[in-house]
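# An overview of the molecular structure
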Amino acid sequence: MSSDDCVQRLCEINSKEIQEPSKRNYWNDLIWKKIIVLLYVHIIFIYTLTSVHTFKMNTIFLASVMYILSGLGVTAGAHRLWSHRSYKAKLPLRIFLAIVNCMAWQVPIYDWCRDHRTHHKCSETDGDPHNARRGLFFSHIGCHLVKKHPDVIKNGKKLSLDDLKEDPVVMWQRRYFIPMALILCFVIPTLIPYYMWEETLWNSYCACVARYCVLLNAAFSVNSFAHLLGSRPYDVSINPRENKIVAFFAMGEGFHNYHHAFPQDYSTSEFGISKLNPTTLFIDMMAFVGLAYRRNKISQQMIGARKRRTGE
Ligand code: ZN
Ligand code: ZN
């Protein structure tokens with residue numbers, strides 16, 4: 001069997017025969033630039049927590065609005081629209097989602113979708129970018145501090161990404177991602193409080209970095225906590241779980257056992273907007289005004305059958 005066949009085999013394994021991750025020496029693969037940046041962001045976050053009483057309410061309110069907008073860029077945009085094609089969006093909504101996605105400054109939508117599709121295809125194998133079988137730290141943040149496992153790269157290359165390449169909004173966002181992310185994630189949100197309500201420049205900046213830090217951890221938590229803690233009512237043979245705390249911070253993305261069982265559901269949850277799912281509320285509002293359409297929803301009959309067949 002060739003190494004490619006081995007990789008393919010790893011990704012096709014039945015979840016009941018999941019294998020332990022291969023041994024790896026992380027010291028050779030550390031990405032020091034990312035380690036320093038993420039360390040810095042977390043130090044500023046802790047400092048912000050200890051000095052939050054010095055911030056004006058307007059500044060905190062702006063950071064909250066920015067959190068929601070940038071969160072939607074990831075959840076409604078990169079995840080539910082572009083990675084899973086679980087609903088369709090008209091051009092103005094796609095442009096809006098691409099812009100607010102820059103506010104979250106993770107990676108461009110194209111790269112985010114490639115990695116996320118790889119995660120679903122190769123979940124909890126060496127081919128998974130944030131393989132939860134390597135532990136909580138690796139799946140949460142460690143995977144971002146080291147070079148990707150060769151199987152992740154191989155499997156990412158095997159995926160068909162033609163739908164993304166054919167979307168001019170996605171490719172435009174990828175081309176200008178760094179300057180747009182810098183301006184939308186940090187520069188403008190720092191200058192608004194300073195000029196509009198005379199917040200100090202330092203406080204404005206710290207609020208901005210702290211908001212960025214919380215959203216990053218919310219996104220990381222879907223790959224870590226929601227793969228390790230919670231119930232498995234839909235498929236007990238896979239590790240992703242229903243985690244309400246993650247769902248709260250990640251704007252509805254914590255119902256992860258359901259999402260891995262039914263990744264094509266635009267709500268990423270059985271329950272839609274009735275339970276901790278502001279992203280679904282946003283997509284429904286966009287559908288109401290005609291900007292979103294063809295929302296895929298799994299029928300109660302199918303969900304019930306799956307629960308009886310593979311649920312806890
Ligand atoms: Zn997952
Ligand atoms: Zn997904």
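Remember, predicted model here, so these are calculated numbers, not experimental data. (Residues numbered from 1 in each chain as written. Chains lettered and ligands numbered in written order. Predicted model: local features only at pLDDT ≥ 70, side-chain atom pairs only at ≥ 80, totals over all residues. Heavy atoms only, no water.)

### A short note on the nonpolar core
Counted only if it meets this: We call a set of buried Ala, Val, Leu, Ile, Met, Phe, Trp, Tyr and Cys residues a nonpolar core when their side-chain atoms join them within 4.5 Å. Note on classification: 1.4 Å probe, protein chains only; a residue is buried when its accessible area is under 20% of the maximum for its type, exposed when over 50%, partly exposed between these limits. Secondary structure counts use DSSP, requiring at least four H or I residues in a row for a helix and at least two E residues in a row for a strand, with both numbered from the N terminus.
Judged by nonpolar contacts, the single largest core of 33 residues is most densely connected at W82, Y87, L93, L97 and F282. Elements supplying a minimum of two residues to this core: α3 (57-83), α4 (91-104), α5 (109-121), α9 (168-175), α10 (177-196) and α14 (278-288). Ranked by size, the runner-up nonpolar core spans 17 residues in total, among them V41, C185, C213 and F220.

### Description of the coordination of the zinc ion (ligand 2)
This is how the line gets drawn: Sodium, potassium and calcium take a 3.2 Å donor cutoff, other metals 2.8 Å, and in both cases only N, O and S atoms count; water is not among them, so sites may look incomplete.
Coordination sphere of the zinc ion (ligand 2), protein contribution only: H79 (NE2), H84 (NE2), H116 (NE2), H120 (NE2) and H259 (NE2), at 1.9 to 2.2 Å. When its relative accessible area of 5% is taken as the criterion, H79 is described as buried.

### Focus: the packing of α10 against helix α11 (residues 201-223)
This is how the line gets drawn: As a rule, the C-alpha atoms of each element are fitted with a line to give its axis, helices using only the stretch in contact, and angles between N-to-C directions run from 0 to 180 degrees. Roughly parallel here means an angle under 35 degrees, roughly antiparallel means over 145, roughly perpendicular means 65 to 115, and every remaining angle is called oblique. Here a crossing is taken to be left-handed if its near helix is turned anticlockwise relative to the far helix by less than a right angle, and right-handed if that turn runs clockwise. Note on definitions: a residue-residue contact is assigned when non-hydrogen atoms from the two residues lie within 4.5 Å. Each residue gets one of three labels, nonpolar for Ala, Val, Leu, Ile, Met, Phe, Trp, Tyr, Cys and Pro, charged for Asp, Glu, Lys and Arg, and polar for the others, Gly among them.
In contact at an axis separation of 8 Å, α10 and α11 are set at 140° when each is read in the N-to-C sense. Viewed along their axes, α10 and α11 adopt a mutual orientation that is oblique. As α10 runs across α11, the sense of the crossing is right-handed. Contacts between α10 and α11 pair C185, F186, P189, T190, P193 and Y194 from the former with L201, S204, Y205, C208, V209, R211 and Y212 from the latter. Its residues assigned to classes, the contact of α10 with α11 shows 10 nonpolar, 2 polar and 1 charged.

### Notes on the pattern of salt bridges
Heads up, the rule is: By convention in these notes, a salt bridge is any Lys or Arg side-chain nitrogen within 4 Å of a carboxyl oxygen on Asp or Glu.
Taken as a whole and assessed by the stated rule, the structure comprises 14 salt bridges. Notably, a salt bridge pairs R85 with D163, separated by 2.9 Å at the nearest N-O pair. One end of the pair, R85, is in the loop between α3 and β1 (88-89); the other, D163, is in helix α8 (residues 162-165), and 78 residues separate them in sequence. Residue classification places R85 among the partly exposed positions, given a relative accessible area of 33%. The partly exposed category is assigned to D163, whose relative accessible area is 25%. A salt bridge links K297 to D265, with the shortest nitrogen-to-oxygen separation between them at 2.6 Å. Taken together, the residues span a long stretch of sequence, with K297 in the loop between β2 (292-293) and α15 (300-310) and D265 in the loop between α13 (256-261) and α14 at a distance of 32 residues. A residue is classified by how much of its surface remains accessible, and D265, at 1% relative accessible area, is buried. Look at the salt bridges and you will find they share partners, linking D111, R114, D115, K148 and R174 into a network.

### Some words on the coordination of the zinc ion (ligand 1)
Stated formally: All geometry calls rest on donor angles, where a four-donor set with angles between 85 and 135 degrees is tetrahedral, four- and six-donor sets with opposite donors more than 155 degrees apart and all others between 65 and 115 are square planar and octahedral, and all else is irregular.
Within the protein, H119 (NE2), H227 (NE2), H256 (NE2) and H260 (NE2) serve as the donor atoms for the zinc ion (ligand 1), at 2.0 to 2.1 Å. For the zinc ion (ligand 1), the 4 donor atoms in the first shell make angles of 96 to 150° at the metal, a pattern classed as irregular. When the donor residues of the zinc ion (ligand 1) are listed from N- to C-terminus, their spacing reads H-x107-H-x28-H-x3-H. Placement of H227 in the loop between α11 and α12 (244-249) and of H260 in helix α13 is noted, with a sequence separation of 33 residues between them. Summarising the burial analysis for this pair, H227 and H260 share the class buried.

### Points about the packing of aromatic side chains
Condition: Pairs were defined over the aromatic rings of Phe, Tyr and Trp, the Trp ring being its six-membered one, requiring ring centres within 6.5 Å. Orientation was assigned from the angle between planes: stacked under 30 degrees, edge-to-face over 60, tilted for the rest. Here, a charge over a ring is recorded when the distance from Lys NZ or Arg CZ to the ring centre is within 6 Å and its angle to the ring normal is within 35 degrees.
Scanning all chains against the criterion turns up 9 aromatic pairs. With a centroid separation of 5.9 Å and 35° between ring planes, the pair formed by W202 and Y205 is classed as tilted. Remark: Y205 and W202 occur in helix α11; sequence separation between them is 3 residues, near one turn of the helix. The class of W202 is partly exposed, set by a relative accessible area of 42%. For Y205, a relative accessible area of 24% corresponds to the partly exposed category. Aromatic side chains Y258 and F262 sit 5.1 Å apart centroid to centroid with 50° between the ring planes, which places their arrangement in the tilted category. Residue Y258 is classed as buried on the basis of its relative accessible area of 0%. Taken together, the aromatic side chains of Y47, W202 and Y205 make up a single cluster linked through ring pairs. The ring of F271 carries K275 above its face, with NZ or CZ at 4.0 Å from the centroid. Cation over ring: R306 sits above F262, and NZ or CZ is 5.6 Å from the ring centre.

From the geometry alone we can't say anything about function, so treat these as descriptive.
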